[in-house]
Amino acid sequence: MKNRDLVSSIIWMAVGGLFVAGGLQQGLMLRGVPGPGFLPFLSGLALIFVSLFVLIPAVCQKEKAESTGFFPERDSFRKLLFALVALFAFGVAMRHLGYLLTTFLFMFFTPRVMGPKGWGTITLVALLTAVLSYLLFVVLLEVQLPKGLLEF
Amino acid sequence: MDFVSHISLAFQVALEPVNLFLCFLGCLLGTFVGVLPGLGAAAAISLLLPITFKLSPESAIIMLGGLYYGAMYGGSTTSILLNVPGEAASVVTCLDGYRMALKGRAGPALGIAAFGSFIAGTFGTIMIMLLAPPLAGVALKFGPPEFVGLIFLGLTMVTYLSSGSMAKALMMAIVGLLISYIGTDIVTGRERFTLGIDTITGGFDIVPMAMGLFGISEVLLNLSLSEADREVFQTKLRDLLPSKQDWKDSSGPIARGSILGFFLGLIPGGGGLIASFVSYAMEKRIAKHPETFGTGDIRGVAGPESANNAGAMGAFIPMLTMGIPCNVVLAILMGALMIHGVTPGPRTLVEHPRIFWGVVGSMYVGNLMLLLLNLPLIGLWVRLLKVPYFILFPFIFLFCLIGAYTVGNNVNDVYIMILFGILGYVMKKYGYEPAPLVLAFILGPMFENAFRQSLIISDGSTLIFLSRPIAATFLLISFIFLVSPLALRVLGKQRPGLTLKD
């Protein structure tokens with residue numbers, strides 16, 4: 001955990017530093033009472049201070065093998081990237097294609113993150129999910145979801 | 001007479017047909033979530049929060065409350081059958097529960113877990129009815145300095161009781177506070193730390209944040225691992241009713257677990273998790289033959305499961321009477337109430353009696369429903385465990401996506417959720433827990449408000465926190481907990497963390 005503690009503590013110290021600077025900019029005191037920058041300044045300082053309790057042991061520690069890799073399996077990075085792209089794509093597509101179509105496409109393609117799967121099952125699950133979730137959220141719960149191409 | 005009228009109102013609200021149905025739905029969904037490893041109560045409540053937007057505040061909190069203690073119940077099923085806790089508070093149940101299943105006694109293990117949880121939940125509900133009104137009266141005497149002290153104590157306890165590094169947990173609590181400052185300053189109306197981004201002018205919303213940190217990140221973590229073969233225990237689940245000997249062995253642990261769990265649940269940072277660990281440790285310590293623990297001793301299931309559920313009940317009191325959530329799940333529940341226009345606090349009992357007593361009444365009803373649900377439907381829950389993950393995880397994603405979008409009908413909330421999901425993944429890989437962050441985020445605005453009001457009252461003097469006895473006491477306890485790990489290290493001892501070893 002040595003390298004990860006080293007890197008993370010430095011990053012959090014930098015974050016703390018940003019809030020300290022931001023707090024000073026916002027103003028610590030306003031007509032004798034704490035201003036909008038007071039607590040962000042104090043909290044930023046506290047974060048820098050506490051980060052030292054992670055940084056210093058990490059510097060003094062002997063190099064040890066990490067218990068689990070950041071991407072533990074060979075295909076972890078690919079699966080995570082695929083999943084994140086699918087999530088972002090859902091957000092982008094929903095505005096243009098509408099909820100129903102986007103959900104079908106999402107449920108059709110996303111299971112393939114975990115490898116090739118039977119088309120039949122996936123298609124059926126995707127179709128059922130899109131329709132049933134539409135009925136639940138839009139019809140029953142009257143949640144406002146984008147209509148898009150299909151106009152419903 | 002007050003007590004009688006309170007009970008009457010409690011059951012009047014809880015037994016309304018729509019609230020009864022929603023309580024049932026919450027318990028069912030909670031058990032479902034508790035059974036599924038990887039998706040805890042916090043993520044589940046975040047996912048289902050948007051469903052409650054159309055409901056009245058009391059109906060929403062009844063349903064979400066059912067989900068919370070339903071998840072506690074459901075977590076024990078996978079602990080016993082799979083040796084995989086479905087919920088963090090069910091970790092301890094794995095130790096003896098699974099061993100009982102290996103010996104062909106999965107039925108009694110599941111049965112005593114369900115009955116113990118019911119008894120403890122009922123005890124917890126009665127205690128809430130008795131303790132909540134006087135506690136609310138005490139809380140009314142709290143001023144801003146007292147709230148600063150109490151919130152600070154709550155954040156300290158959450159970090160002290162964390163299972164990993166206390167320094168890292170404290171850092172996450174501070175980060176949560178910092179994130180809460182982003183947006184518009186409530187006093188001056190000035191934007192703070194928004195970097196000119198319109199989406200966060202009003203600050204971050206709890207829903208996308210919680211969904212990202214708990215839901216999305218958990219799925220990403222599971223996806224990064226290979227799908228290990230999970231051997232679901234293939235036992236015929238006969239004899240779910242414990243024997244006379246089982247009851248004789250379990251009655252003491254259930255009673256002790258109920259009392260211990262409830263009072264531990266009251267402590268900020270407490271709830272079911274710490275209660276179950278402490279109960280197990282206590283039962284092992286007082287047992288005549290402690291060596292039987294870990295080999296399939298029913299006391300190792302009865303005590304922790306009772307403590308777990310009693311703790312979940314007790315944790316409601318500080319939230320409903322003082323507006324201080326004890327753990328991250330209740331912080332999200334509190335966020336849900338605030339979305340519905342109700343700010344929990346000392347005046348909740350007086351201004352929203354239907355909400356307060358309705359929730360209490362539904363706890364009793366919910367505990368009964370869970371007892372009836374868990375035992376007959378065990379077969380169904382076991383079948384659920386066999387659903388392949390490649391079907392399950394897209395559903396979790398979909399719920400998160402819909403939930404994040406419906407907060408403000410804004411797709412930017414979806415992107416915020418995904419970013420918090422990535423942050424959650426990275427945090428977990430680096431050994432940082434998201435729970436203190438979310439708790440601090442919820443408490444941040446209250447903390448800042450109370451802090452600034454205190455300094456206005458005292459003309460800028462921080463001595464107000466020391467001159468007010470209650471505030472000073474809270475701060476002193478917090479200080480002791482903050483420095484004790486350092487002191488223990490100097491003395492060559494360890495912080496009593498959440499370990500199951502002697």
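Residues numbered from 1 in each chain as written. Chains lettered and ligands numbered in written order. Predicted model: local features only at pLDDT ≥ 70, side-chain atom pairs only at ≥ 80, totals over all residues.

A. Local environment of the environment of I391 of chain B. Topologically, I391 of chain B is positioned in helix 18 (residues 389-408). The class for I391 of chain B is partly exposed, based on 16 C-beta atoms found within 10 Å. Apart from residues lying up to four places away in sequence, I391 of chain B is in contact with P111 and V125 of chain A. (Helix = DSSP H or I, 4+ residues; strand = E, 2+ residues; numbered from the N terminus. Buried ≥ 20, exposed ≤ 12 C-beta atoms within 10 Å, placed from the backbone. Contact = placed C-beta atoms within 7 Å.)

B. Expanded view of the environment of L124 of chain A. When you line up the elements, L124 of chain A lands in helix 5 (residues 119-140). Here the alpha-carbon distance between L124 of chain A and Y134 of chain A, two residues 10 residues apart in the chain, equals 15 Å.

C. The nonpolar core, seen in detail. One finds I45, L333 and V438 of chain B to be the most contacted residues of the largest nonpolar core, which totals 208 residues. Here this core gathers at least three residues from each of two domains, domain 1 (2-60) and domain 2 (76-150) of chain A. Once residues within four sequence positions are removed from consideration, L333 of chain B is found in contact with I45, I61, L64, Y68 and M319 of chain B. (Core = buried A, V, L, I, M, F, W, Y, C linked by C-beta atoms within 7 Å. Domains from an automatic or database assignment.)

D. Examining helix 4 (residues 99-109) of chain A more closely. Among the residues of helix 4 of chain A, Y99, L100, T102, T103, F106 and M107 of chain A are the ones counted as buried. One side of helix 4 of chain A holds all its buried residues, which, seen down the axis, span an arc of 165°. (Arc of directions from axis to C-beta.)

E. Structural detail: helix 3 (residues 76-97) of chain A. In this model helix 3 of chain A runs 30 Å from its N-terminal to its C-terminal C-alpha over 22 residues, within 8% of the 32 Å that 1.5 Å per residue would give. What helix 3 of chain A keeps buried is the set K79, A83, L87, F90 and M94 of chain A. Buried residues along helix 3 of chain A sit in contact with helix 4 of chain A together with helix 9 (206-224), helix 18 and helix 19 (411-429) of chain B. Where helix 3 of chain A terminates, the next one or two residues include G98 of chain A, which has phi positive at roughly 90°. (Expected span 1.5 Å × (residues − 1).)

F. Local environment of the confidence of the model for chain B. All names here are of chain B. The predicted model of chain B averages 82 in pLDDT, with 90% of residues at 70 or higher. Ranking the elements of chain B by mean pLDDT puts helix 17 (residues 378-384) last, at 73, and helix 8 (residues 166-181) first, at 94. Contacts of residues 497-502 to residues separated by more than four positions or lying in other chains number six contacts, the stretch itself having pLDDT below 50. Overall fold confidence for the complex sits at a pTM of 0.80, while the interface term, ipTM, reaches 0.92. (pLDDT = per-residue confidence, 0-100.)

G. Highlighting the interface of chain B and chain A. Contacts between chain B and chain A engage 47 residues on the former and 52 residues on the latter. Sorting the residues of the side of chain B that touches chain A by element identifies helix 8, helix 9, helix 18, helix 19 and helix 20 (435-457) of chain B as the ones contributing at least two each. When its residues are assigned to classes, the side of chain B that touches chain A shows 31 nonpolar, seven polar and nine charged. (Nonpolar A, V, L, I, M, F, W, Y, C, P; charged D, E, K, R; others polar.)

H. Molecular detail of the packing of helix 1 (residues 2-14) of chain B against helix 16 (residues 353-374) of chain B. Residues and elements named next belong to chain B. Packing of helix 1 against helix 16 brings their axes to within 7 Å, and their N-to-C directions diverge by 75°. Taken together, the axis directions place helix 1 and helix 16 in an arrangement best described as roughly perpendicular. Two secondary-structure elements touch here, helix 1 through H6, L9, A10, F11, V13 and A14 and helix 16 through P353, R354, W357, G358, V360, G361, S362 and V365. By residue class, the composition of the contact of helix 1 with helix 16 is nine nonpolar, four polar and one charged. (Axes fitted to C-alpha atoms, helices over the stretch in contact; angles between N-to-C directions. Parallel < 35°, antiparallel > 145°, perpendicular 65-115°, else oblique.)

I. Inspection of the packing of helix 3 (residues 41-48) of chain B against helix 9 of chain B at higher detail. Residue and element names in this part refer to chain B. In contact at an axis separation of 8 Å, helix 3 and helix 9 are set at 130° when each is read in the N-to-C sense. Relative to helix 9, helix 3 is oriented oblique. The way helix 3 lies across helix 9 gives a crossing that is left-handed. In contact with A42, A43, S46 and L47 of helix 3, helix 9 contributes V207, A210, M211, F214, G215 and E218. Across the contact of helix 3 with helix 9, the residue classes break down as seven nonpolar, two polar and one charged. (Left-handed = near helix turned anticlockwise from the far one by under 90°.)

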